[in-house]
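Analysis of the macromolecular model
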Amino acid sequence: MSTYRDFAHRGSARATVLKTVGTKERRSHLTAPRVPTVGIDIGGTKVMAGVVDADGNILEQLRTETPDKSKSPKVVEDTIVELVLDLSDRHDVHAVGIGAAGWVDADRSKVLFAPHLAWRDEPLRDAIASRLVVPVMVDNDANTAAWAEWRFGAGRGEDHLVMITLGTGIGGAILEDGQVKRGKYGVAGEFGHMQVVPSGHRCPCGNRGCWEQYSSGNALVREARELAAADSPVAHYLLDRVKGNIPDITGPLITELAREGDAMCIELLQDIGQWLGVGIANLAAALDPSCFVIGGGVSAADDLLIGPARDAFKRHLTGRGYRPEAKIAKAQLGPEAGMVGAADLARLVARRFRRANRRRVERYERYAQIYDQAASTIRNTRSTRTVD
């Protein structure tokens, strides 16, 4: 869509700033225009952008590293705009959705705080919308991933869904009756900072004993590196693989060795999975969903992780044996879930944008008709005077 650049130089050309669709999400997505939209997934290390159709299919995808140099807001915003403009050269883009790794306010306009980016009360929606001529939607990346799984993945058909994203930390999202529950201030779903061990491991958030200190990629790697640093005999195979260089121990490597049958790596994933099950049981007591969807990079361990989580969930579930048990499923859309969900949520505001444009065109046509009628009347009057 070359009109991005055609309009970019016009000072008055700004994208329509739209408020959230709120409680109408479930109904709206069924009637949203079936037009291509761009989804953006922003993390501390990468920015992923893709054009997504109405069925959740990725038509084209671009990826770049998150800019360095303190990741200043302006530099990251420049990167987002460049990716959108690049994709718009080859696709007729109608809206842009952004999934940001941080706290987004209830209006989905500001990033209140992003742990891996220099965003503090950053008006991201307006900053991007002012440089594009399509509407822009901003949401938390876990919310966009959960929406994608509900629409196209493991959560299809579920009316009460909780998504847990296991990466460096733990993120999460809640969907009820097809509506993302964002809370009064927009920051619901920060499950990783539930305290599960009083006076436990210190968390970067400042508290101790947060859930993500026991069931996340960081927890997995921390435990493996501690065993390796202690020269534990159970860690010898792992040390051999990294040639004694402990900082080279990563989550994907631990998962790989567990699949190869390394007993220590299997046990570490079991520990992470058991803590995952404990947290899920707590969430079930509070929220009572029908399904938990487990996503994020650590979920790539599949049943090495999710199997122990299911066992621990059953052991710790309040009222076990006397209540229905929620399903625990692995996410299906992989690392693209946040991008796909952001694009699909943007499709909801694309409809309003199209309606606004249509009303604007109709208004201009009406004014033109009135002008033509007035001009015709003036011409006729002058013609009559000339004859007289």
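Residues numbered from 1 in each chain as written. Predicted model: local features only at pLDDT ≥ 70, side-chain atom pairs only at ≥ 80, totals over all residues. Heavy atoms only, no water.

Heads up, the rule is: UniProt positions are given in the numbering used here, feature names are shortened, and annotations may be inferred rather than shown by experiment.
Per an unreviewed UniProt entry, the recorded name for the protein chain is Glucokinase, and the organism is Streptomyces microflavus. Reading the Sequence similarities (unreviewed entry) entry of the UniProt record for the protein chain gives the comment "Belongs to the ROK (NagC/XylR) family."

1. Details of the overall build of the protein chain
Going by this rule: What counts as a helix is a DSSP run of H or I of at least four residues, what counts as a strand is a run of E of at least two, and both are numbered from the N terminus. For every residue, the accessible area (1.4 Å probe, protein chains only) is compared with the maximum for its type, and the residue is labelled buried under 20%, exposed over 50%, or partly exposed between those bounds. Residue contacts are counted whenever heavy atoms from the two residues lie within 4.5 Å of one another. Here the Shrake-Rupley method, with its probe set to 1.4 Å, supplies the accessible areas, and only the displayed protein chains count as covering residues.
Counting its secondary structure elements, the protein chain contains eleven helices and 13 strands. Counting all 388 residues of the protein chain, 51% fall into the buried class. Of the contacts made within the protein chain by residues no fewer than 6 positions apart, 67% connect residues no fewer than 24 positions apart. Put simply, the protein chain shows about 18,600 Å² of open surface, and 49% of that area lies on carbon and sulfur atoms.

2. Digging into the sheet that holds strand E5 (residues 103-104)
For clarity, the threshold we go by: What makes two strands pair is DSSP finding at least two bridges between them.
Ordered in space as E5-E6-E7, the three strands form an open sheet in which the pairing is antiparallel. Each edge of the open sheet carries a strand with a single partner, namely E5 and strand E7 (120-122). Two strands pair when backbone bridges link them, and strand E6 (residues 111-113) and E7 are joined in this way by two bridges, in the antiparallel orientation. From the neighbouring strand, Val111 faces E7, where its bridge partner is Glu122.

3. Describing the pairing of strand E8 (residues 136-140)
Counted residue by residue, E8 has five buried out of five residues, so it is predominantly covered. Pairing geometry for strand E4 (residues 96-100) and E8, over five bridges, is parallel. Paired with Val96 across the two strands is Val136, which belongs to E8.

4. Observations concerning the environment of Leu345
As for its position among the elements, Leu345 is in helix H11 (residues 337-387). By relative accessible area, Leu345 is classed as buried at 2%. Put simply, Leu345 and Val96 are 249 residues apart on the chain and 9.0 Å apart in space, counted from C-alpha to C-alpha.

5. Focus: the nonpolar core
We count it as follows: We call a set of buried Ala, Val, Leu, Ile, Met, Phe, Trp, Tyr and Cys residues a nonpolar core when their side-chain atoms join them within 4.5 Å.
In terms of nonpolar packing, the biggest core is built from 42 residues, with Ile164, Leu276, Phe292 and Phe313 touching the most fellow members. For this core, the secondary structure elements donating two or more residues are strand E9 (160-166), strand E10 (170-176), helix H6 (217-229), helix H7 (236-241), helix H8 (251-259), helix H9 (263-287), strand E12 (291-295) and helix H10 (303-316). Broken down by element, this core gets its largest block of residues, ten residues, from H9. In contact with Phe313, not counting residues within four places along its chain, are Gly277, Ile280, Ala281, Ala284, Phe292, Glu325, Ala326 and Ile328. Among the nonpolar cores identified, the runner-up in size contains 30 residues, and Ile40, Val104, Ala114 and Val134 belong to it.

6. Let's talk about the environment of Val136
With respect to the helices and strands, the residue Val136 is situated in strand E8. Val136 sits in the buried class, given a relative accessible area of 3%. Measuring from C-alpha to C-alpha, the distance between Val136 and Asp126 comes to 7.9 Å, with ten residues separating the pair along the chain. With near-sequence residues (within four places) excluded, Val136 lies in contact with Val96, Ile98, Arg125, Ile128 and Ala129.

7. Some remarks on the pairing of E4
For E4, the tally of buried residues reaches five of five residues, placing the bulk of the element in the interior. Of the two faces of E4, the one holding Val96, Ile98 and Ala100 and the one holding Gly97 and Gly99 are both buried throughout. Relative to E4, strand E1 (residues 37-42) runs parallel, the two being bridged by five bridges. Bridged to Gly39 within E4 is Gly97.

8. Here's the deal with the packing of H6 against H9
Applied cut-off: What counts as an axis is a line fitted to C-alpha atoms, over the stretch in contact for a helix, and the angles between N-to-C directions run from 0 to 180 degrees. Any angle that is under 35 degrees is reported as roughly parallel, and any over 145 degrees as roughly antiparallel; angles of 65 to 115 degrees are reported as roughly perpendicular and all others as oblique. Put simply, a crossing is left-handed when the front helix is turned counterclockwise from the back one by less than a right angle, and right-handed when it is turned clockwise. Lys, Arg, Asp and Glu make up the charged group, whereas Ala, Val, Leu, Ile, Met, Phe, Trp, Tyr, Cys and Pro make up the nonpolar group; the residues left over, Gly among them, are polar.
It is the contact of H6 with H9, at a shortest axis distance of 10 Å, that shows an interaxial angle of 140°. By the angle between their directions, the pair H6 and H9 is classed as oblique. For the pair H6 and H9, the crossing hand works out as right-handed. Contacts from Ala219, Leu220, Glu223, Ala224 and Leu227 of H6 reach H9 at Met264, Leu268, Leu269 and Ile272. Residues belonging to the contact of H6 with H9 are distributed by class as follows: eight nonpolar, no polar and one charged.

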